Amino acid sequence: MSNTRQAEAVSPWRAPVLFLILAALFLAEGSFRNALFSGSWNTALAILNMGLISAVMALGVNMQWGYAGLFNAGVVGFLALGGLAPVLVSTAPVQGAWAAGGPRLILALLVGLGTLVLAAQVWRRISGAWRVPALVAVLVAGFVAYRWLFDPAVMAIEANNSARAGNIGGLGWPVLLSWPVGALFAAAAAWGVGKVALGLRSDYLAIATLGIGEIIVAVMRNEEWLSRGVKNVSGIPRPVPYELDLQGNADFVARAAEWGMSPAVASGVWVKLLYAGLFGAVLLALILLAELALKSPWGRMMRAIRDNETAAEAMGKDVTRRHLQIFVIGSAVIGLAGAMMVTLDGLLSPNSFNPLRYTFLIWVMVIVGGSGNNWGAALGAILVWFLWIKAEVWGPELMRLVTGPLPAGALRDHLLGSAPHMRFIALGLVLLLVLRFAPRGLVPEK
């Protein structure tokens, strides 16, 4: 895929200045209480934490698009797979679930995997008129055996304490271990998708990944044995203290009084600061690794493939294999972000994974920040998330100002009632302005 990029002179001070402006916005959010800002450090840190997780998501998409020119329209699916990891790794085991159908469920999954492996071997080793009938016979027999084992196991697990659980439960391990597991879940899915879809042209790849992302979310919504489906999983363990525990600690209460805060406010701020430290450390580590990879011979090769696949193939590069590598790596980063997000929320809600928030908005973050630039992707993610949240507050204020001269009536009421939805208009306006005045993003690729 050709993706020619024109060089442009960019001041080395642009990125630091933009990050300082972004920091000033968060300081204003936490310090000043008025029509524009909440004056609450709890709110400012909550926005920052989700912005840092969004930056990890944007970094994964930037690896796929900025490094290799791969258009992944199924970001939400890989994010949801990553979010499944804290449930399966860190929640407590469900009493009786494993005995009800666990071994039979594992056997069913092994039969399904074995069927796929056997089908691939049949396709490779058999030729001529018998190839298709043999393949169909293997798939049909495997499917029948899989469903014969799978369906009774699922029914037994879902019937076990269905009001409180109805799922297989987790391993009860520390929640931080679930983050790399979430990355592995997404990477495994990306490998399977990539083996099938990466030979497609860019527009067909986008359609394929869009469909696969929706399939993954639909499976999570309907397979209650896995993550309770639409019943949600709550009470996911946290890597930081609980606010109530801090409020019951005499030393912390005394320290909160020294800070001039109530224990309730101070505990919320402290917990969010700990989360911000964790998420910031992960983000900085990923950016460091991504920068080292980008400046290595491998990174230069990926950009050469992105800019001119035909020339890269003529030089003997295996384009499809390299595309698969970066697709798996980028999806793993997105899965890591999904595990981090579910850990922050303490809740897995499959219905909350919608493409507008977790695909389209992530793409806007990458485009606004600067495709191909890791720092730009992080900047764009945090900035766009801040504007996305604040537009819901700023919209009504702006609409009250605009509609002030209008007489009271249906038109004025309608405009004021629609004001909270101005975040969509604001986001579109930001995207248009960036594309017009900085088409390569706020911090373009060097």
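Residues numbered from 1 in each chain as written. Predicted model: local features only at pLDDT ≥ 70, side-chain atom pairs only at ≥ 80, totals over all residues. Heavy atoms only, no water.

Chemist: It is not clear to me how the layout of surface pockets should be interpreted in this structure. Could you clarify?
Modeler: One water molecule sets the probe size; rolling that probe over the atoms shows where empty space is left. By volume, the largest pocket amounts to about 1,400 Å³. Along the walls of the largest pocket sit 39 residues, with Leu109, Tyr146, Phe150, Trp225 and Leu226 positioned nearest its centre. Those elements that place two or more of their residues in the lining of the largest pocket are α3 (75-90), α4 (97-125), α5 (131-159), α6 (178-197), α7 (202-222) and α8 (224-227). Sort the elements by how many residues they give to the lining of the largest pocket and α4 lands first, with 10 residues. Here the residues of the lining of the largest pocket are counted per class, giving 31 nonpolar, seven polar and one charged. When residues are assigned to domains, the lining of the largest pocket turns out to be shared by domain 1 (10-93 + 169-437) and domain 2 (94-168), each giving three or more. As a volume, the second largest pocket reaches approximately 420 Å³. The wall of the second largest pocket is formed by 20 residues, among which Asn373, Val443, Pro444, Glu445 and Lys446 lie closest to the centre. (1 Å grid on protein atoms, 1.4 Å probe; cavity = no way out; pocket = protein on both sides within 12 Å on 5 of 7 lines; lining within 4 Å. Points joined across faces, edges and corners; volume = space filled by probe spheres on them. Helix = DSSP H or I, 4+ residues; strand = E, 2+ residues; numbered from the N terminus. Nonpolar A, V, L, I, M, F, W, Y, C, P; charged D, E, K, R; others polar. Domains from an automatic or database assignment.)

Chemist: Would you take a moment to explain the nonpolar core for this structure?
Modeler: If you look at soluble globular proteins, the nonpolar side chains tend to sit buried side by side. Counting residues in each nonpolar core, the largest one holds 113 residues, and the members touching the most others are Met57, Leu348 and Phe353. With 14 residues, helix α14 (residues 319-345) is the largest single contributor of residues to this core. In this view, phenylalanine 353 contacts Val76, Leu79, Ala80, Val217, Arg221, Met341, Leu348 and Tyr358; residues no more than four positions away in its chain are not counted. In terms of nonpolar packing, the next biggest core, distinct from the first, is built from five residues, Ala119, Val122, Ala134 and Val138 among them. (Core = buried A, V, L, I, M, F, W, Y, C linked by side-chain atoms within 4.5 Å. Buried < 20%, exposed > 50% of the residue type's maximum accessible area, 1.4 Å probe, protein only. Contact = heavy atoms within 4.5 Å.)

Chemist: Whenever I open this one, a nonpolar patch on the surface confuses me. Can you help?
Modeler: A cluster of nonpolar residues, Trp123, Val132, Val136, Val140, Phe143 and Val144, forms a patch on the protein surface that exposes about 570 Å² of accessible area. When residues in the nonpolar patch are grouped by element, the largest group, five residues, is from α5. Inspection of the secondary structure assignment puts phenylalanine 143 in helix α5. (Patch = residues over 30% accessible without salt bridge, like charges linked within 9 Å, V, L, I, M, F, W, Y side chains within 5 Å. Areas by Shrake-Rupley, 256 points an atom, 1.4 Å probe, with all protein chains shown as cover. Salt bridge = Lys/Arg side-chain N within 4 Å of Asp/Glu carboxyl O.)

Chemist: What am I meant to see in the packing of helix α2 (residues 41-68) against helix α11 (residues 263-294) here?
Modeler: In a pair of packed helices, the angle between the axes and the distance between the axes together describe the arrangement. One can describe the packing of α2 onto α11 by two numbers: an axis separation of 8 Å at closest approach and a directional angle of 15°. Comparing their axes, α11 and α2 come out roughly parallel. Here α2 and α11 pass one another in a crossing that is left-handed. (Axes fitted to C-alpha atoms, helices over the stretch in contact; angles between N-to-C directions. Parallel < 35°, antiparallel > 145°, perpendicular 65-115°, else oblique. Left-handed = near helix turned anticlockwise from the far one by under 90°.)

Chemist: I would appreciate a short explanation of helix α1 (residues 14-31) in the present structure.
Modeler: Owing to its 3.6 residues per turn, the α-helix aligns residues three or four sequence positions apart on the same side. For α1, which comprises 18 residues, the first-to-last C-alpha distance of 26 Å matches the rise-based estimate of 26 Å (1.5 Å per residue) to within 8%. Listed as buried for α1 are Ala15, Leu22, Phe26, Ala28, Glu29 and Gly30. On its buried face, α1 sits against α2 and α16 (374-402). (Expected span 1.5 Å × (residues − 1).)

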